[in-house]
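Okay, here's what each chain looks like letter by letter:
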Amino acid sequence: MLNQVADGVWVRQSEWVWSNAIVVRGEGGLILVDPGIDGSDLNELADDVDRLGIPVVAGFSTHPHWDHLLWHSRFGEVPRYATPGGAQVASEARERAQKMAAESASGIPLELIGLLTPLPEDGGPVPGEIVEHQAHAIGHAAVLLADRGVLVAGDMLSDVLIPLLDPRRPDQVSAYETALDRLGEAARHVDVVVPGHGAVAEGPAVAARLAADRAYIDALRRGEEPIDARLDQDWLSGPHQANLEQARHASG
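Let us look at the structure shown here. (Residues numbered from 1 in each chain as written. Predicted model: local features only at pLDDT ≥ 70, side-chain atom pairs only at ≥ 80, totals over all residues. Heavy atoms only, no water.)

This next bit is on the pattern of salt bridges. Applying the stated criterion across every chain, the model contains 18 salt bridges. Between D47 and R74 there is a salt bridge, and its shortest N-O distance comes to 2.7 Å. Residue D47 is found in helix 1 (residues 39-52), and its partner R74 is found in the loop between strand 5 (56-60) and strand 6 (80-82); the two are separated by 27 residues along the sequence. Via salt bridges that share partners, R12, D41, E44, D48 and R51 belong to a single interconnected network. (Salt bridge = Lys/Arg side-chain N within 4 Å of Asp/Glu carboxyl O. Helix = DSSP H or I, 4+ residues; strand = E, 2+ residues; numbered from the N terminus.)

Structure below.
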């Protein structure tokens, strides 16, 4: 079910890692941001979109991880965008993303995964401002809808996921610090943050999300064990250990 979080912005959350699909009304129709997580979820999202009675005109992927590269034929043959860096990585890693999707979920149209094109400099049909950074994934982007008070944050500012560094790239701690600076500036203009996974943050929770991620990254920078309630989830222990190893390696 779609939940409206602001004028022309709806969110549908799946059960799998609390993944959020975001529907944004633009000038010409709807833009689907990171839609779906498995076949039934994609179908149900298509049903929800049909009920809105507004055509889908584009898709947008916040970053090139498989669960953010999905699509369904019911959304239409419309352009699907990402940042230039994100689109390039999605193309290069398409076969790997298809394999991961097939192993992780069911009923996904694998042939539609990762068919992205670079977003034009003027943003094309995607409203708002693209806030690009290099934390978590190459070409990661948030979408700032300042006129509606919403920041679509991709895999950042989650209440269920710790900051997840990219183990394939050096000095992700610094990249994450820079990203949080950019997102913090964007968050000054909003009352609502929609993460890729987890609950929508509203009001004071927006600043709390930023503070929690800054505290985690600051602890990594100091070589300390972060104190973070999100680490109570056992399934985050592996990524957390990888974060610690990368931070220790970067500090020499």
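The end-to-end C-alpha distance of helix 5 (residues 204-222) is 27 Å, a good match for the 27 Å that 19 residues give at a rise of 1.5 Å each. All of the buried residues in helix 5 are V206, R209, L210, D213, Y216, I217, A219 and L220. For helix 5, the elements touching its buried residues are helix 4 (172-187), strand 11 (192-195), strand 12 (201-202) and helix 6 (237-250). One or two steps after helix 5, the chain reaches G223, where phi turns positive at roughly 75°. (Expected span 1.5 Å × (residues − 1). Buried < 20%, exposed > 50% of the residue type's maximum accessible area, 1.4 Å probe, protein only. Contact = heavy atoms within 4.5 Å.)

As a further point, take the environment of S174. As for its placement among the helices and strands, S174 is situated in helix 4. The class for S174 is partly exposed, based on a relative accessible area of 23%. Between the alpha carbons of S174 and S104 there is a distance of 31 Å; along the sequence they are 70 residues apart.

Here we take up the environment of M156. On the secondary structure map, M156 appears in the loop between strand 10 (150-154) and helix 4. M156 sits in the buried class, given a relative accessible area of 1%. Not counting residues up to four positions away in its chain, the partners in contact with M156 are H133, A135, H136, H140, Y176, A179, L180, L183 and P195.

Here we come to the packing of helix 4 against helix 5. As a packed pair, helix 4 and helix 5 sit with axes 10 Å apart at the nearest point and diverge in direction by 165°. By the criterion of interaxial angle, the relationship of helix 4 to helix 5 is roughly antiparallel. In the crossing of helix 4 with helix 5, the sense of the turn from one axis to the other is left-handed. Contacts between helix 4 and helix 5 involve V173, S174, Y176, E177, L180, D181, L183, G184 and A187 from the former and V206, L210, D213, R214, I217, D218, L220 and R221 from the latter. Of the residues assigned to the contact of helix 4 with helix 5, the class counts are nine nonpolar, two polar and six charged. (Axes fitted to C-alpha atoms, helices over the stretch in contact; angles between N-to-C directions. Parallel < 35°, antiparallel > 145°, perpendicular 65-115°, else oblique. Left-handed = near helix turned anticlockwise from the far one by under 90°. Nonpolar A, V, L, I, M, F, W, Y, C, P; charged D, E, K, R; others polar.)

A complete count under the given rule lists three aromatic pairs for this structure. When the ring of W71 is compared with that of F75, the centres are 5.0 Å apart and the planes differ by 75°; the resulting orientation is edge-to-face. Look at F75 and you get buried, because its relative accessible area is 4%. (Phe/Tyr/Trp six-rings, centres within 6.5 Å; stacked < 30°, edge-to-face > 60°.)

Remark on secondary structure: sheet strands pair via backbone hydrogen bonds, oriented parallel or antiparallel. Taken in spatial order, the seven strands of this open sheet run 1-2-3-4-5-6-7, and their pairing is mixed. Because the sheet does not close on itself, it has two edges, and the strands there are strand 1 (3-6) and strand 7 (117-118). Sheet topology note: the strand 5/strand 6 ladder contains two bridges and is parallel. Bridged to F60 within strand 6 is Y81. This element, helix 1, spans strand 2 (9-13), strand 3 (20-25), strand 4 (30-33) and strand 5 of the sheet and lies at about 155° to strand 2. (Pairing = 2+ DSSP bridges.)

With respect to the helices, strands and loops of the structure, P239 is situated in helix 6. Measuring from C-alpha to C-alpha, the distance between P239 and I54 comes to 40 Å, with 185 residues separating the pair along the chain.

Okay, the side chain of D213 next. With respect to the element layout, D213 can be found in helix 5. Among residues more than four places away in sequence, those in contact with D213 are L157, S158, P163, Y176, L180 and R230.

This part takes up the side chain of R12. Position of R12 relative to the elements: it lies in strand 2. A polar atom in the side chain of R12 sits 2.3 Å from the side chain of E44. In this structure the side chain of R12 is engaged in a polar contact, spanning 3.0 Å, whose partner is the side chain of D48. Once residues lying within four places of it in the same chain are set aside, the contact partners of R12 are M1, L2, S19, N20, A21, D41, E44, L45 and D48. (Polar contact = N/O pair within 3.5 Å; in protein donor to acceptor, adjacent residues only side chain to side chain.)

Moving on: unusual backbone geometry. Phi is positive for L157, close to 55°, though the residue is something other than glycine. Within the secondary structure, L157 sits in the loop between strand 10 and helix 4. Of note, D171 is a non-glycine position whose phi angle comes to about 50°, a positive value. If you trace the backbone, D171 turns up in the loop between strand 10 and helix 4.

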